[in-house]
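# Architecture at a glance
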Amino acid sequence: MKPERDGRIAAPESRLIITRREVLAAAALGLAAGPVRPAWAAADGQLTWAIHVSLAPVWFEPAEASGIITPFMVFYALHDAMVKPMPGKALAPSLAESWTAGEDGRSYDFVLRQGAKFHNGDPVTAEDVKFSFERYRGTAHDLLQQRVASVETPDARHIRFQLKEPWPDFLLFYATMTGAGWIVPKKYVEKVGDEGFKKAPVGAGPYKFVSFNPGVELVLEAFDQYWRKPPSVKRLVFRVIGEESTRLAALKRGEVDIAYSIRGELAEDLQRTPGLSLKPAMVQGVFCIYFPDQWDPKSPWHDARVRRAASLAIDRKGTNDALTLGYSKVTGNPIVPDGYDFFWQPPPEAAEHDPEKAKKLLAEAGFKSGFDAGDFNCDSSYSNIAEAVVDNLAAVGIRTKLRPIERAAFIKGFSEKTYKNIIQAGPGAFGNAATRIEAHLVKGGVFSYGSYPDIDELYRQQAVELDRAKREAILHKIQQIMTERVIYAPIWQLAFINGTGPRVGESGFGKIALFPYTSPYEDITIKS
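Quick caveat, the model's predicted, so the values are computed rather than measured.

## Considerations on the packing of helix 3 (residues 126-135) against helix 6 (residues 186-199)
The relative placement of two packed helices comes down to the angle between their axes together with the axis-to-axis distance. Axis separation between helix 3 and helix 6 bottoms out at 9 Å; the angle between their running directions is 40°. Put simply, helix 3 runs oblique to helix 6. Along its contact with helix 3, which presents Glu127, Asp128, Phe131 and Arg135, the element helix 6 presents Lys186, Val189, Glu190 and Asp194. Tallied by class, the residues present in the contact of helix 3 with helix 6 amount to two nonpolar, no polar and six charged.

Below is the structure:
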């Protein structure tokens, strides 16, 4: 039996749509999200997470944000941003208590929150904000450097970003999809160096670093001077448990309180277990398969009929029912999630399952007996999805070899353009349709192995278009072209299936729209 859906998956009203009007309204209000906890209420107790991926030190470092959502699991605890997604707000004032955007779209002025501190006691200043931006070297670094003319710091609490030209998505790139707006202490980083910072990070978030044992666990402790409110839980332990069944067993035994990514029969077992709760969350991760060799005339994937055949082979409903209990959403859009601004809904045939039609298309393309398609590269934590797709492809004659790779190494290889044949991608970063297109479709995108000139030109047009309706039409056109050419074959928009134990009060699942992990951490509680 499936759990009740009411209240379990983020409702449509929590869509991550950010308009210019909303940006200005949020900036003017400058309100902190969430109720303030009395200062005398000391944090207490410990909660332990079973993490589904191996934690990497690079995820403690905002300057190296890689264009995926995983590092934000740590960022939301250890660090704080100028502006960030929070409950009920796609852009919530955080270290910046307010901001104003110039009417010409060429400047953004931020006012820092009075009294915000880093874990070492240093105040957060405008110099830290400028330093964090200038040292940023992660995804979209080149784009930010190309678009930002200067960063000015008139005094300790004021920062002005001057842009070279109007850029409607500046706040999204700065505040959500990159780490450029997540602030680190300049003096401390200069003292310990970049590698020293990864070994002992100091942030401005609700939890401070205690220890990290690579491949085993990360331990954090409440920072009672956090500006928004002191956390309720004294200590957080993120324990790496790569095997799904082992995560569930640890949850059942009470060794962990929250377990990420419990799927299929294990999820059904979890929901039958007294005291445990199933927590499915509709997230911004959109799974798809990518054909990086499609620009090579000698590759079978150069033929759109072959790519379309691969898409037709995928049994999305069957795999959804088996692995995510039917909670994932099949939209047919391979890289942009439903709920993002400028999302375009493809027609139903974009996610059609028809193996016989797939075989016919392969025959028309000269592959009547199918072909050997080489490696099927995937993030090992989602190899069960990949296994199902590999079987689907084999059923129509596309023979592949599954190659699961641990997440940090997988993302590194993906972004460095080292893979061939097939890549199972799972775009999950914050942003909107334009930010996804920038990373995954256009020339120079961090995960784009090639591009099409007409899409590149359309992307350039929308990037400076201030008329929302015109911009939406351009972005919809790009997504339509992407779908028609089958640049990617869609799988689904993921429902991230998790479990909580009996000690957990507020888990934080689903509080931030489309965010897969528990957050904000300062809101998480232990039952009394």
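Having seen it, we continue.
## Comments concerning the sheet that holds strand 5 (residues 107-112)
Ordered by their spatial adjacency, four strands build an open sheet running 4-5-7-6, and the pairing between neighbours is antiparallel. In this open sheet, the two strands that pair with only one neighbour each are strand 4 (96-101) and strand 6 (148-155). Taking the axes of each pair of neighbouring strands and ignoring which way they run, one obtains an average angle of 15° across the sheet. Alignment of strand 4 against strand 5, held across five bridges, turns out to be antiparallel. Counted as the bridge partner of threonine 100 is aspartate 109 from strand 5. Contacting strand 5, strand 6 and strand 7 (158-163), helix 3 runs over the sheet at an angle of about 165° to strand 6. Taken strand by strand, helix 5 (residues 170-177) contacts strand 4, strand 5, strand 6 and strand 7, and its axis lies near 40° from that of strand 5.

## Considerations on the packing of helix 7 (residues 244-253) against helix 8 (residues 264-272)
Between helix 7 and helix 8, the shortest axis-to-axis distance is 10 Å and the interhelical angle comes to 5°. Looking at the two axes, helix 7 sits roughly parallel to helix 8. Across the interface between the two elements, Glu244, Ser245, Leu248, Leu251 and Lys252 of helix 7 pack against Leu266, Asp269 and Leu270 of helix 8. Of the residues assigned to the contact of helix 7 with helix 8, the class counts are four nonpolar, one polar and three charged.

## Remarks on the confidence of the model for the chain
Parts of the model with low pLDDT should not have their predicted coordinates read in detail. On average, residues of the chain score 92 in pLDDT, and 92% of them are at 70 or above. Segment residues 28-41: pLDDT under 50, and 20 contacts once partners within four positions in sequence are set aside and those in other chains are kept.

## A look at the packing of aromatic side chains
Counted according to the given criterion, the structure contains 44 aromatic pairs. Between phenylalanine 430 and phenylalanine 515 the ring centres are 5.6 Å apart and the planes differ by 10°, which places this aromatic pair in the stacked class. With phenylalanine 430 in the loop between strand 15 (422-425) and helix 14 (433-440) and phenylalanine 515 in the segment after strand 16 (488-500), the pair connects residues that are 85 residues apart, well separated along the chain. With respect to burial, phenylalanine 430 and phenylalanine 515 carry one shared label: buried. The rings of Phe72, Phe75, Tyr76, Trp182, Tyr260, Phe430, Phe496, Phe509, Phe515 and Tyr517 are connected pair by pair, giving a single aromatic cluster. For the cation-ring pair, arginine 485 lies above tyrosine 452, with the distance from its terminal atom to the ring centre recorded as 5.1 Å.

## Quick word on the side chain of arginine 147
Position of arginine 147 among the secondary structure elements: in helix 4 (residues 141-147). In this structure arginine 147 touches Leu163, Lys164, Glu165, Trp167 and Ala463, once residues within four positions along its chain are discounted.

## Digging into the nonpolar core
One finds Trp49, Leu55, Met82, Phe110, Phe170, Tyr174 and Tyr521 to be the most contacted residues of the largest nonpolar core, which totals 174 residues. If we ignore the near neighbours within four places in the chain, the residues touching tryptophan 49 are Leu236, Val237, Phe238, Arg239, Val256, Ile258, Tyr260, Thr518, Tyr521 and Ile524.

## Things to note about the pairing of strand 13 (residues 371-379)
The pairing of strand 13 with strand 14 (residues 398-405) spans eight bridges and is classified as parallel. Bridging from a neighbouring strand, aspartate 372 pairs with arginine 399 of strand 14. The β-α-β motif built from strand 13, the intervening helix 12 (residues 383-395) and the parallel element strand 14 has right-handed crossover chirality. For strand 13 and strand 15, the ladder comprises two bridges, and the chain directions are parallel. Residue pairing across strands places asparagine 377 opposite isoleucine 423, the latter belonging to strand 15.

## Here's the deal with unusual backbone geometry
The residue after serine 519, namely proline 520, is reached through a cis peptide bond having omega -5°. Its location among the elements puts proline 520 in the segment after strand 16. Non-glycine residue phenylalanine 342 carries a positive phi angle of around 75°. Locating phenylalanine 342 in the fold gives a position in the loop between helix 10 (316-324) and helix 11 (355-364). The backbone phi angle of leucine 514 is positive, close to 65°, even though this residue is not glycine. Take leucine 514: it is sitting in the segment after strand 16. According to the relative accessible area criterion, leucine 514 is buried, its value standing at 7%.

Parameters at a glance
- Residues numbered from 1 in each chain as written.
- Predicted model: local features only at pLDDT ≥ 70, side-chain atom pairs only at ≥ 80, totals over all residues.
- Heavy atoms only, no water.
- Axes fitted to C-alpha atoms, helices over the stretch in contact; angles between N-to-C directions.
- Helix = DSSP H or I, 4+ residues; strand = E, 2+ residues; numbered from the N terminus.
- Parallel < 35°, antiparallel > 145°, perpendicular 65-115°, else oblique.
- Contact = heavy atoms within 4.5 Å.
- Nonpolar A, V, L, I, M, F, W, Y, C, P; charged D, E, K, R; others polar.
- Pairing = 2+ DSSP bridges.
- pLDDT = per-residue confidence, 0-100.
- Phe/Tyr/Trp six-rings, centres within 6.5 Å; stacked < 30°, edge-to-face > 60°.
- Buried < 20%, exposed > 50% of the residue type's maximum accessible area, 1.4 Å probe, protein only.
- Lys NZ or Arg CZ within 6 Å of the ring centre and 35° of its normal.
- Core = buried A, V, L, I, M, F, W, Y, C linked by side-chain atoms within 4.5 Å.
- Right-handed = clockwise from strand over helix to strand, strands pointing away.

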